[in-house]
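Summary of structural features
Residue strings, one per chain:
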Amino acid sequence: MKIRRDYSQPFFRQPKSHPIRNMFIAAALGLLLGLAVVWQREAVSGFVDSITGAPSTPTPQPSELAARAAALFASGDITGAEALIAQAAAERPNDIAYLYEHGRVLIELERYDEARALGEAITAIDARDVRGYALEAAALTWSGGATGAIPIALSGLELNPRFVPLHATLARAYVNAQRWADGLDAGERGLSISGDDADLNRAYAYALTAVGAYSDAITYLQRAIELRPAYLPTQFELAGLYLARDEDQSAIDLYDHILALDPRNARAMLRLCLAYRKIGEFARALGFCEDSVANDGADAEAQFQLGLLYYRERRFEGSRAAFHQCLAHDDGTYDLSCRYRLGLSHYYTGDCTSGWALLRDSLDLARSGGDEATLSNVLQGLDAIESDPKCIDEAARPVAFPD
């Protein structure tokens with residue numbers, strides 16, 4: 001809008017006092033001032049857009065962040081959910097709801113110390129809020145401190161005996177503390193309050209499994225999956241129970257379902273490898289083990305299983321590489337199992353020196369903590385190298401035999 005000026009009148013002359021005219025002038029000045037502010041904001045926004053290449057967007061409210069986090073959590077994207085709920089909790093540091101949900105996600109990510117700290121923060125804000133007790137007890141239970149978690153969970157239930165997550169945690173804690181009857185009782189008390197909590201159904205199945213009630217455990221795991229269909233840990237537990245009961249095809253179908261939800265899940269590939277190996281389909285087993293290490297080469301168990309399958313087929317170059325990676329990423333679980341097989345793989349690929357050294361190290365380990373079968377295998381490998389002319393030929397790979 002262009003305002004035309006009347007140049008026939010002096011611009012700065014003092015007008016006569018007219019109340020109505022003054023009112024219109026004030027209104028016009030207010031309008032011009034408002035337009036100026038709007039134009040200034042648009043100019044700044046346009047300048048920012050010209051730099052970033054995109055229009056500015058409003059910052060999401062904590063409630064919106066929490067809602068989006070809940071949707072990601074339900075869909076199985078735990079990492080994405082944690083990023084959003086952490087942001088919401090940071091913007092509302094005294095909001096117990098956000099702190100509690102953040103702690104639950106941290107437990108799923110195995111960041112137990114952080115989850116427990118959030119539980120303590122909730123208690124500091126409100127000592128009678130049961131959610132602080134629930135987070136502390138759950139973090140302790142999942143991190144191996146079940147004995148310490150039990151009194152915390154019981155204290156929380158004194159405040160609110162109908163808080164179902166505490167019953168789920170208490171059931172699992174009792175089982176981990178080898179108090180199986182108490183674990184079953186805790187699960188049953190929780191189920192009497194609500195049968196629609198996925199974690200509680202899973203925890204009760206855990207207690208049933210501990211006492212050998214596998215058929216009932218399967219029923220409750222299936223119910224937990226119905227309540228939370230995108231949550232993979234429960235599906236892995238159910239598939240494991242199927243394998244333990246020789247319901248192999250049911251296990252395979254469930255692992256296939258997991259891969260449909262998460263096509264790059266290396267753990268599901270490994271479990272399919274083991275399932276097919278169990279039923280004698282070694283070619284399919286090998287393919288899934290190869291896929292597993294392709295997606296997670298740092299998994300010592302997957303490398304060990306791949307090495308076994310290569311070794312079975314006398315593909316010793318492959319078994320040597322797999323057992324080497326197994327040792328490189330092992331936390332001690334497969335030290336002996338991979339070490340002596342790596343020594344044998346070296347021997348069968350013509351490297352007597354490395355084979356002998358690895359088998360000698362394995363002999364010490366087998367004598368101190370191995371079983372009779374492993375010790376026998378190690379001794380047979382050493383005997384084979386010692387009696388092989390190629391290994392004692394100076395022109396080949398000389399071995400310094402111990403006295």
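1. Focus: helix α17 (residues 316-329)
Taking 1.5 Å of rise per residue, the 14 residues of α17 would be expected to cover 20 Å, and the 20 Å separating its terminal C-alpha atoms lies within 8% of that figure. For α17, the complete set of buried residues consists of Phe316, Ser319, Ala322, Phe323 and Cys326. For α17, the arc enclosing every buried residue in end-on projection is 125°, short of the 170-degree limit, so these residues lie on one face.

2. So, the packing of helix α11 (residues 214-227) against helix α12 (residues 232-244)
Where α11 meets α12, the axes come as close as 10 Å, and the angle between the chain directions of the two elements is 155°. It follows that α11 is roughly antiparallel to α12 by the angle criterion. In this structure, α11 meets α12 at a crossing whose hand is left-handed. In this structure, α11 uses Tyr214, Ala217, Ile218, Leu221, Gln222, Ala224 and Ile225 to contact α12, whose residues at the interface are Thr234, Gln235, Glu237, Leu238, Leu241 and Tyr242. Taken together, the residues of the contact of α11 with α12 sort by class into nine nonpolar, three polar and one charged.

3. Some points on the layout of surface pockets
Of the volumes computed, that of the largest pocket is approximately 1200 Å³. Forming the walls of the largest pocket are 38 residues, and the residues nearest its centre are Ile107, Glu108, Arg202, Tyr231 and Pro233. Where the lining of the largest pocket is concerned, the elements lending two or more residues are α2 (62-75), α3 (78-91), α4 (96-108), α6 (130-142), α8 (164-176), α10 (198-210), α12 and α14 (266-278). Taken together, the residues of the lining of the largest pocket sort by class into 22 nonpolar, five polar and eleven charged.

4. Thoughts on the pattern of salt bridges
Close approach of charged atoms allows side chains with opposite charge to pair. Scanning the model with the defined rule gives 20 salt bridges in all. Linking Arg228 and Glu108 is a salt bridge whose minimum nitrogen-to-oxygen distance equals 3.9 Å. With Arg228 in the loop between α11 and α12 and Glu108 in helix α4, the pair connects residues that are 120 residues apart, well separated along the chain. Salt-bridge contacts for Lys278 lead to Asp246; the nearest nitrogen and oxygen are separated by 2.8 Å.

5. Let's talk about the side chain of Ser345
Within the secondary structure layout, Ser345 lies in helix α18 (residues 335-348). For Ser345, a relative accessible area of 0% translates into the label buried. Contact partners of Ser345, with chain neighbours within four places excluded, come to Tyr311, Phe316, Ser319, Arg320 and Phe323.

6. Points about the side chain of Arg202
Inspection of the secondary structure assignment puts Arg202 in helix α10. Look at Arg202 and you get buried, because its relative accessible area is 7%. A distance of 3.2 Å separates a polar atom in the side chain of Arg202 from a polar atom in the side chain of Tyr231. Here Arg202 is in contact with Trp142, Arg172, Leu221, Ala224, Tyr231, Pro233, Thr234 and Glu237, once residues within four sequence places are set aside.

7. Thoughts on the environment of Asp95
Structurally, Asp95 can be placed in the loop between α3 and α4. On the basis of relative accessibility, which here comes to 28%, the residue Asp95 falls in the partly exposed class. Measuring from C-alpha to C-alpha, the distance between Asp95 and Ile125 comes to 9.0 Å, with 30 residues separating the pair along the chain.

8. Observations concerning the state of the cysteines
A complete count under the given rule lists three disulfides for this structure. One disulfide in the model links Cys326 with Cys338; its S-S distance is 2.0 Å. Given an S-S torsion of about 80°, the disulfide between Cys326 and Cys338 has right-handed geometry. Here Cys326, found in helix α17, pairs with Cys338, found in helix α18; they are twelve residues apart in sequence, far enough to count as distant. Taken in sequence order, the bonded cysteines of the protein link in the pattern 1-2, 3-4, 5-6.

Analysis parameters
Residues numbered from 1 in each chain as written. Predicted model: local features only at pLDDT ≥ 70, side-chain atom pairs only at ≥ 80, totals over all residues. Heavy atoms only, no water. Helix = DSSP H or I, 4+ residues; strand = E, 2+ residues; numbered from the N terminus. Expected span 1.5 Å × (residues − 1). Buried < 20%, exposed > 50% of the residue type's maximum accessible area, 1.4 Å probe, protein only. Arc of directions from axis to C-beta. Axes fitted to C-alpha atoms, helices over the stretch in contact; angles between N-to-C directions. Parallel < 35°, antiparallel > 145°, perpendicular 65-115°, else oblique. Left-handed = near helix turned anticlockwise from the far one by under 90°. Contact = heavy atoms within 4.5 Å. Nonpolar A, V, L, I, M, F, W, Y, C, P; charged D, E, K, R; others polar. 1 Å grid on protein atoms, 1.4 Å probe; cavity = no way out; pocket = protein on both sides within 12 Å on 5 of 7 lines; lining within 4 Å. Points joined across faces, edges and corners; volume = space filled by probe spheres on them. Salt bridge = Lys/Arg side-chain N within 4 Å of Asp/Glu carboxyl O. Polar contact = N/O pair within 3.5 Å; in protein donor to acceptor, adjacent residues only side chain to side chain. Disulfide = S-S within 2.5 Å.

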